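Understanding the architecture of this molecule
Listed below, chain by chain, are the residues.
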Amino acid sequence: MACGRTRPNILVTGTPGTGKTVLATELAQRTGLHYINIGDLAKENDLYDGWDEQYACHVLDEDKVVDEIEDQMSEGGNVVDYHGCDFFPERWFDIVFVLRTNNTTLYERLEQRGYDGKKLSENVECEIMQTILEEARDSYKKEIVIELQSNTTDELENNLEQIEAWIQQWSG
Ligand code: DAT
């Protein structure tokens, strides 16, 4: 049990559209873990550091994000949802799940979300290059980085059950 926490901290990461939010919100509902969506948190608290002209989006102020949730993370019992993972303190997480989706399924999901052009192709490319998986493996101990397929609702349910079982085992 890390740092005296009685409940684990879980990171759910992956390319946009791989299903982080559906998985993490349902997991929080089933387990009582506290759900933290980093994108929403930044928006609500204005945790930005400028504007990216090329991508027409705010630039996340990573230090401000870390400061904002440090106390809550120290207590444990959180499930964090974000499409990046290299700026969080390594000590925060007991396990890191990286969701994976095949190209055509991801393309369709992102198109439905209204992505097009460069934004759409770059996100699909990010998944093909397994950029987030490699970022996770570079940022956390390999043993705690778990890749999960997230193409179908059956896989979603399997993933939820696998994570619930892991939580039970962790909690002893
Ligand atoms: P993310 O939070 O990673 O951006 P999301 O949770 O918003 O992704 O999911 C994107 C869309 O894909 C949404 O319409 C739900 C659907 N979806 C996600 N995971 C799925 C799965 N395993 N099976 C079927 N549909 C899924």
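Conventions and cut-offs
- Position numbers for residues start from 1 in each chain and track the written sequence from start to end.
- Reporting in this predicted model follows two pLDDT cut-offs: at least 70 for local features of residues, and 80 or more for side-chain atom pairs to be given and counted; totals over whole chains, interfaces and linings ignore these cut-offs and use all residues.
- Only heavy atoms go into the side-chain values, all of them from the structure, while hydrogens and water stay out.
- Elements are defined by DSSP. Helices are runs of H or I of four residues or more, strands are runs of E of two residues or more, and each kind is numbered from the N terminus.
- Remark: exposure states derive from per-residue accessible area (1.4 Å probe, protein chains only) relative to the maximum for the residue type, with buried under 20%, exposed over 50%, and partly exposed in between.
- The contact definition used throughout considers only heavy atoms, calling two residues in contact when any of these lie within 4.5 Å.
- Between the rings of Phe, Tyr and Trp (Trp by its six-membered ring), a pair exists once the centres lie within 6.5 Å; its type follows the angle of the planes, with under 30 degrees stacked, over 60 edge-to-face, and the other angles tilted.
- By definition here, charges over rings are those cases where NZ of Lys or CZ of Arg is within 6 Å of the ring centre and within 35 degrees of the ring normal.
- For the purposes of this section, nonpolar cores are sets of buried Ala, Val, Leu, Ile, Met, Phe, Trp, Tyr and Cys residues that join through side-chain atoms within 4.5 Å.
- By definition here, a salt bridge exists when the distance from a side-chain nitrogen of Lys or Arg to a carboxyl oxygen of Asp or Glu is within 4 Å.

**A word on the side chain of R100**
- Note on placement: R100 falls in strand 6 (residues 95–100).
- For R100, a relative accessible area of 10% gives the class buried.
- Excluding residues within four positions of it along the chain, R100 makes contact with E127, Q130, L133, E147, L148, Q149, S150 and N151.

**Details of the packing of aromatic side chains**
- Summed over the entire model, instances satisfying the criterion amount to 7 aromatic pairs.
- Judged by centre distance (5.6 Å) and plane angle (75°), the rings of F88 and F93 are edge-to-face.
- On the basis of relative accessible area, F88 is assigned to the buried category, the value being 5%.
- Between W92 and F93 the ring centres are 6.2 Å apart and the planes differ by 75°, which places this aromatic pair in the edge-to-face class.
- A relative accessible area of 5% means that F93 is categorised as buried.
- Members of the aromatic cluster, each reached through a chain of ring pairs, are Y82, F87, F88, W92, F93 and Y140.
- The ring centre of Y115 lies 4.4 Å from the NZ or CZ of K119, which sits over that ring.

**Digging into unusual backbone geometry**
- In this structure, D46 is a non-glycine residue whose phi angle is positive, near 55°.
- By the secondary structure assignment, D46 is in the loop between helix 2 (38–45) and strand 3 (48–52).
- The class for D46 is exposed, based on a relative accessible area of 53%.
- Unlike most non-glycine residues, Q130 shows phi in positive territory, near 45°.
- Its place among the elements puts Q130 in the loop between helix 5 (117–128) and helix 6 (131–139).

**A word on the nonpolar core**
- One finds L11, I38, V80, F88, F93, V96 and Y140 to be the most contacted residues of the largest nonpolar core, which totals 27 residues.
- Elements that contribute at least two residues to this core include exactly helix 2, helix 3 (62–75), strand 6 and helix 6.
- Tallying contributions element by element places helix 3 first for this core, with 4 residues.
- In this view, I38 contacts L60, V65, I69, V80, D81, Y82 and F88; residues no more than four positions away in its chain are not counted.
- Core analysis: the next-biggest nonpolar cluster, separate from the first, contains 17 residues, V12, A24, I95 and W170 among them.

**Focus on the environment of E143**
- Among the secondary structure elements, E143 is positioned in the loop between helix 6 and strand 7 (145–149).
- Each C-alpha atom of the pair E143 and I95 lies 8.6 Å from the other, and the pair is 48 residues apart in sequence.

**A closer look at the pattern of salt bridges**
- By the definition in use, this model includes 9 salt bridges.
- Residue D94 pairs with R5 through a salt bridge whose shortest N-O separation is 3.1 Å. Within this pair, whereas D94 is found in the loop between strand 5 (78–81) and strand 6, its partner R5 is found in the segment before strand 1 (9–13), the two being separated by 89 residues in sequence.
- K64 is the salt-bridge partner of D61, the closest N and O atoms lying 4.0 Å from each other.

In short, shape yes, function no, at least from these values alone.
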